[in-house]
Amino acid sequence: MTEERWVWGVGLATLADDGTVLDSWFPSPAHGRIPLGFDPQVAADELDHLAVADPRRAVTVEIVATEVDLDAPPASTPDAYLRLHALSHRIVAPNELNLDGIFGHLPNVAWTSAGPMHPDAVTRLRPFLAREGIQVQGLDKFPRLLDYVTPPGVRIADASRVRLGAYLSPGTTVMHEGFVNFNAGTLGQSMVEGRVSQGVVVGDGSDIGGGASIMGTLSGGGTHKVSVGARTLLGANAGIGISLGDDCVVEAGLYVTAGTKIVLADEAPLADGRRPVVKGGELSGRDGLLLRRNSLTGAVEAVRRAGVGVTLNDALHA
């Protein structure tokens, strides 16, 4: 196995009083394995001043050195966090690493304005937290991306809407109501005003409109990893459960899944005069489609289109 399928890093792990590893932060993860002759003490000297206890949150912080085989499933909490860092540092793209069983290695954490702490400790220490002005901002397995990584060339309007493990390419803008899950993201300049679920990738120059939703695979039993091609527009409040190719447009408010019956509106009529009808899954991944709802009949229609699907504002994505 090549070293390109490994990632290593040295960082800080936060431990609760009961020994639970709450998180791990790796400031500079890299491809490969821990180098031969690597001296952990050198890294320790650089991070040692940060490896201190915080009695306000009932936690201690320790230095951790970890390497992970991207083709093997996560084996520990630091292992899981290093994978999430590798995604958000753009070392590996979504769906190109093994995340099987990752939830089992990510404890539920109380994310506070001072850092992570064990949920059980919050109730016990709440008066002291209030006195220190420490607020609980969430209770979840995944932290916010911006608490661990600052991806260059990216705009994120609301930090709580993007999880660690999101992959955001330079030129991407995530607006206030946009959301990007872990193991999902953008492969070029993109506007995200809707929901990009786990496993979903959005191509260069595409626009996920306000309130739009892209189905993931974490619930509902689906296995298809949805992708959106380049220069494609998913209209406001629209949604898809199928992949879209390049230069596609989905009409605002229209939700298309693999089972949606779609009329091929520009195909030759059948013998009975009706247009051919296919399920949405048969159109998955095709380029140059306009998906719309006929305002007279209510039928969902697909029409072939030519030219560029959408052009982003260069000033917003520079």
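Residues numbered from 1 in each chain as written. Predicted model: local features only at pLDDT ≥ 70, side-chain atom pairs only at ≥ 80, totals over all residues. Heavy atoms only, no water.

- Under the annotation held in an unreviewed UniProt entry, the protein chain carries the name 2,3,4,5-tetrahydropyridine-2,6-dicarboxylate N-succinyltransferase and is attributed to Microbacterium allomyrinae.
- Checking UniProt for the protein chain, the heading Function (unreviewed entry) contains the comment "Catalyzes the conversion of the cyclic tetrahydrodipicolinate (THDP) into the acyclic N-succinyl-L-2-amino-6-oxopimelate using succinyl-CoA." (UniProt positions renumbered as here; feature names shortened; annotations may be inferred.)

**Thoughts on helix α3 (residues 119-132)**
At step 1: Of all bends in α3, the biggest is about 75°, found at Leu125, and the proline Pro127 comes one to four residues later.
At step 2: The elements touched by buried residues of α3 are β5 (109-112), β6 (115-117) and β7 (136-140).
At step 3: Taken from the residues just after α3, Gly133 is the one with a positive phi, measuring 75°. (Bend = angle between axes of the 7 residues up to and from the residue. Helix = DSSP H or I, 4+ residues; strand = E, 2+ residues; numbered from the N terminus. Contact = heavy atoms within 4.5 Å.)

**A closer look at the layout of surface pockets**
A water-sized probe rolled over the atoms picks out the places where empty space is left.
At step 1: Volume-wise, the largest pocket comes out at about 630 Å³.
At step 2: Lining the largest pocket are 29 residues; nearest its centre among them are Trp111, Gly115, Pro116, Asp147 and Tyr148.
At step 3: When residues of the lining of the largest pocket are assigned to their parent elements, the largest contribution, 4 residues, is made by β7.
At step 4: Looking at the lining of the largest pocket, its residues break down into 15 nonpolar, 7 polar and 7 charged. (1 Å grid on protein atoms, 1.4 Å probe; cavity = no way out; pocket = protein on both sides within 12 Å on 5 of 7 lines; lining within 4 Å. Points joined across faces, edges and corners; volume = space filled by probe spheres on them. Nonpolar A, V, L, I, M, F, W, Y, C, P; charged D, E, K, R; others polar.)

**Digging into the side chain of Ser169**
At step 1: For Ser169, the position within the fold is in the loop between β9 (166-167) and β10 (173-174).
At step 2: Its relative accessible area of 7% is what places Ser169 among the buried residues.
At step 3: A polar side-chain atom of Ser169 sits 3.5 Å from the main-chain amide nitrogen of Gly188.
At step 4: Residues in contact with Ser169, not counting those within four places in the same chain, are Arg90, Gly153, Val154, Thr186, Leu187 and Gly188. (Buried < 20%, exposed > 50% of the residue type's maximum accessible area, 1.4 Å probe, protein only. Polar contact = N/O pair within 3.5 Å; in protein donor to acceptor, adjacent residues only side chain to side chain.)

**Observations concerning the packing of aromatic side chains**
At step 1: Taken as a whole, this structure holds 4 aromatic pairs when the rule is applied.
At step 2: A ring pair is formed by Tyr81 and Tyr148, whose centres lie 6.1 Å apart and whose planes are at 40°; its orientation type is tilted. Within this pair, whereas Tyr81 is found in helix α2 (residues 77-88), its partner Tyr148 is found in the loop between β7 and β8 (155-156), the two being separated by 67 residues in sequence.
At step 3: Overall, the relative accessible area of 11% leaves Tyr148 in the buried class.
At step 4: Between Phe142 and Phe182, the ring centres sit 4.4 Å apart and the planes meet at 20°, which makes this aromatic pair stacked. Of this pair, Phe142 sits in the loop between β7 and β8 while Phe182 is found in the loop between β11 (179-180) and β12 (184-186), placing the two residues 40 residues apart along the sequence. Each of the two residues, Phe142 as well as Phe182, counts as buried.
At step 5: These aromatic residues form a ring-pair network of at least three members: Phe103, Phe142 and Phe182.
At step 6: It is Arg33 that lies over the ring of Trp6; its NZ or CZ is 3.7 Å from the centre. (Phe/Tyr/Trp six-rings, centres within 6.5 Å; stacked < 30°, edge-to-face > 60°. Lys NZ or Arg CZ within 6 Å of the ring centre and 35° of its normal.)

**Examining the nonpolar core**
At step 1: Val180, Ile214 and Leu291 are the most contacted members of the largest nonpolar core, which has 72 residues in total.
At step 2: The element that contributes the greatest number of residues to this core is α2, accounting for 6 residues.
At step 3: Excluding anything up to four places from it in sequence, Leu291 contacts Leu244, Val249, Val250, Glu251, Leu254, Val256, Ile262, Leu283, Glu301 and Ala302.
At step 4: Counting residues in hydrophobic clusters, the runner-up holds 5 residues, among them Trp8, Leu12, Leu47 and Val61. (Core = buried A, V, L, I, M, F, W, Y, C linked by side-chain atoms within 4.5 Å.)

**Some thoughts on the pairing of strand β25 (residues 289-293)**
At step 1: Across 2 bridges, strand β21 (residues 249-250) lies against β25 in parallel orientation. In the strand pairing of β25, Val249 is matched with Leu290.
At step 2: Where β25 folds back onto strand β26 (residues 300-304) in an antiparallel hairpin, the turn is made up of 6 residues, including Gly298, whose phi is positive at roughly 80°. (Pairing = 2+ DSSP bridges.)

**Points about the sheet that holds β6**
In any sheet, the strands associate via hydrogen bonds between backbone groups, in a parallel or an antiparallel arrangement.
At step 1: Read from one edge of the open sheet, 3 strands run β6-β5-β7, paired in antiparallel fashion. This sheet does not close on itself; its edge strands, each paired only once, are β6 and β7. Here the average twist between neighbouring strands, direction ignored, is 25°.
At step 2: Note: β5 against β6, 3 bridges, orientation antiparallel. The residue bridging Trp111 from the neighbouring strand is Pro116, located in β6.
At step 3: Across the sheet, α3 touches β5, β6 and β7, and the angle it forms with β6 is around 120°. (Axes fitted to C-alpha atoms, helices over the stretch in contact; angles between N-to-C directions.)

**Things to note about the environment of Ala236**
At step 1: In this fold, Ala236 is placed in the loop between β19 (233-234) and β20 (239-240).
At step 2: Looking at Ala236, the relative accessible area reads 34%, which means it is partly exposed.
At step 3: Here the alpha-carbon distance between Ala236 and Gly209, two residues 27 residues apart in the chain, equals 4.4 Å.
At step 4: Dropping the residues within four chain positions of it, Ala236 is found in contact with Gly209, Gly210, Ala252 and Gly253.

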